[in-house]
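Each chain is listed here by its residues.
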Amino acid sequence: MSKKITITSWNINSVRARIGIVEDFLKQEAPDILCLQETKVADDLFPRDKFEEWGYHHMAINGQKMHHGVATLSKIPFTDVEKFDWQANGEARHIGVTLPSGVRLENVYIPAGGDVADRELNPKFGQKLDFFARMTEWSKTLKSPTIVTGDFNVAPLPSDVWNHKQLLKVVSHTPIEVETMDILKAAGNWTDIGRKFIEDPERLFTWWSYRAKDRLASDRGRRLDHMWVTPELVDKVVSHHISEYCRDWEKPSDHIPITSEFNF
DNA sequence: ATGGCTGGTAGAACCAGA
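The structure reproduced in this document is the subject of the present report.

Take the overall build of chain A next. Scanning chain A from terminus to terminus reveals seven helices and 14 strands. For chain A, the C-alpha radius of gyration of 17 Å lies close to 18 Å, the compact-globule estimate for 264 residues. Along the longest, intermediate and shortest principal axes, the C-alpha atoms of chain A span 45 × 40 × 35 Å. The proportion of buried residues among the 264 residues of chain A is 55%. Surface accessibility of chain A: about 11,800 Å² in total, with carbon and sulfur atoms responsible for 50%. Across chain A, the mean location of the 34 positive side-chain charges is 2 Å away from that of the 39 negative side-chain charges.

In structure tokens:
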């Protein structure tokens, strides 16, 4: 018997500051599983009681004070919680679980990489590339059908940014980042669900800067958030959508939720 | 005019995000 499951990924930019809009989103779309990034909270201060109240009884949390942090909140039980340190510096950027169907769900927050696209001048850029390289090695060892989702901090296609030419030197869309992410994609034979359903070159953004005065007037967006699956799962994804309306709520995250529906 | 804002933490003319 097959079972429908919806999974959302959302870089929330502080789960505590946005607990109200998290509730609004969950009430509106009610995904079975919510993968958050940039929770910005130590595990003992995570608002577990709220998710408990909303029916997300199963929580896998990997946070730290101030920065980063990921959490997977689920109505469905899971097992085998793992935390990978693909950054190799202890930062909380990954949490993975195994769903009842045996599918692995990996929730990741890939580093932004700083301002300068040069690892000599900017160590954070090197850390970002090295993070991808470690994920690439991991991709070669997968034993189960796997979903990897989260804030990848790279907009790979020209149609994933508001202006390809202008962003070629801007971290998130530089050729070296796109090439590095393509190597990861090939290593796991990953399928990009976003672009399976909303095909290139259609406009598809998941992030807009807070600094734009009028988000939609300038529409300077980028597609930084992704959901990828291994080959066994490609035909099990029945739909995918983004929730752009969330970017226009009061005190929004700068990222919007992305959601896929699976038929396991 | 892609940093113009935002959050966390400190108690900064900070730091980090992307």
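Here the narrative resumes, following the displayed structure.
Below, the discussion takes up empty space enclosed by the protein. Per the counting criterion, the structure on display carries one cavity of 30 Å³ or more. By volume, the largest cavity amounts to about 40 Å³. Lining of the largest cavity is provided by Gly194, Leu204, Thr206, Arg223, Asp225, His226, Met227, His240, Ile242 and Ile258. Contributing elements (two or more residues each) for the lining of the largest cavity: strand 12 (225-229) and strand 13 (237-242).

For the structure on display, the rule yields 15 salt bridges. One salt bridge connects Glu106 with Arg104, and the closest N-O pair in it is separated by 3.0 Å. Judged on exposure class, the residue Glu106 and its partner Arg104 are both buried. In this structure, Arg203 and Asp219 form a salt bridge, with 2.7 Å as the shortest nitrogen-oxygen distance. In this pair, Arg203 sits in the loop between helix 6 (193-197) and strand 10 (207-208) while Asp219 sits in the loop between helix 7 (215-218) and strand 11 (221-222), placing the two residues 16 residues apart along the sequence. On the basis of relative accessible area, Arg203 is assigned to the partly exposed category, the value being 35%. According to the relative accessible area criterion, Asp219 is buried, its value standing at 16%. Connected through salt bridges with shared partners, the residues Arg203, Arg215, Asp219, Glu244 and Asp248 form a single ionic network.

The terminal C-alpha atoms of helix 3 (residues 123-139), which comprises 17 residues, lie 24 Å apart, in line with the 24 Å expected from a rise of 1.5 Å per residue. What helix 3 keeps buried is the set Phe125, Gly126, Lys128, Leu129, Phe131, Phe132, Met135, Thr136, Trp138 and Ser139. Where the residues of helix 3 are buried, they touch strand 7 (104-109), strand 8 (146-151) and helix 5 (175-187).

Glancing now at the sheet that holds strand 13. To summarise the sheet geometry, strands pair through backbone hydrogen bonds and adopt either a parallel or an antiparallel arrangement. A sheet is described by the order of its strands in space; here six strands give the open sequence 3-4-2-1-14-13, paired in mixed fashion. For this open sheet the edge positions go to strand 3 (58-62) and strand 13, each flanked by a neighbour on one side alone. Across this sheet, the average inter-strand angle for adjacent strands is 10°, counted without regard to direction. Pairing between strand 1 (residues 4-11) and strand 14 (residues 258-263): six bridges, direction antiparallel. Across the sheet, the residue bridging to Ser9 is Ile258, located in strand 14. Its contacts with the sheet place helix 1 (residues 19-29) against strand 1, strand 2 (33-37), strand 13 and strand 14, and it is angled at close to 155° to strand 1.

Reading the values: the criteria
- Residues numbered from 1 in each chain as written.
- Chains lettered and ligands numbered in written order.
- Predicted model: local features only at pLDDT ≥ 70, side-chain atom pairs only at ≥ 80, totals over all residues.
- Heavy atoms only, no water.
- Helix = DSSP H or I, 4+ residues; strand = E, 2+ residues; numbered from the N terminus.
- Rg over C-alpha atoms; globule rule 2.2 N^0.38 Å.
- Buried < 20%, exposed > 50% of the residue type's maximum accessible area, 1.4 Å probe, protein only.
- Areas by Shrake-Rupley, 256 points an atom, 1.4 Å probe, with all protein chains shown as cover.
- Lys, Arg positive; Asp, Glu negative; His and termini not counted.
- Charge placed at Lys NZ, Arg CZ, Asp CG, Glu CD.
- 1 Å grid on protein atoms, 1.4 Å probe; cavity = no way out; pocket = protein on both sides within 12 Å on 5 of 7 lines; lining within 4 Å.
- Points joined across faces, edges and corners; volume = space filled by probe spheres on them.
- Salt bridge = Lys/Arg side-chain N within 4 Å of Asp/Glu carboxyl O.
- Expected span 1.5 Å × (residues − 1).
- Contact = heavy atoms within 4.5 Å.
- Pairing = 2+ DSSP bridges.
- Axes fitted to C-alpha atoms, helices over the stretch in contact; angles between N-to-C directions.

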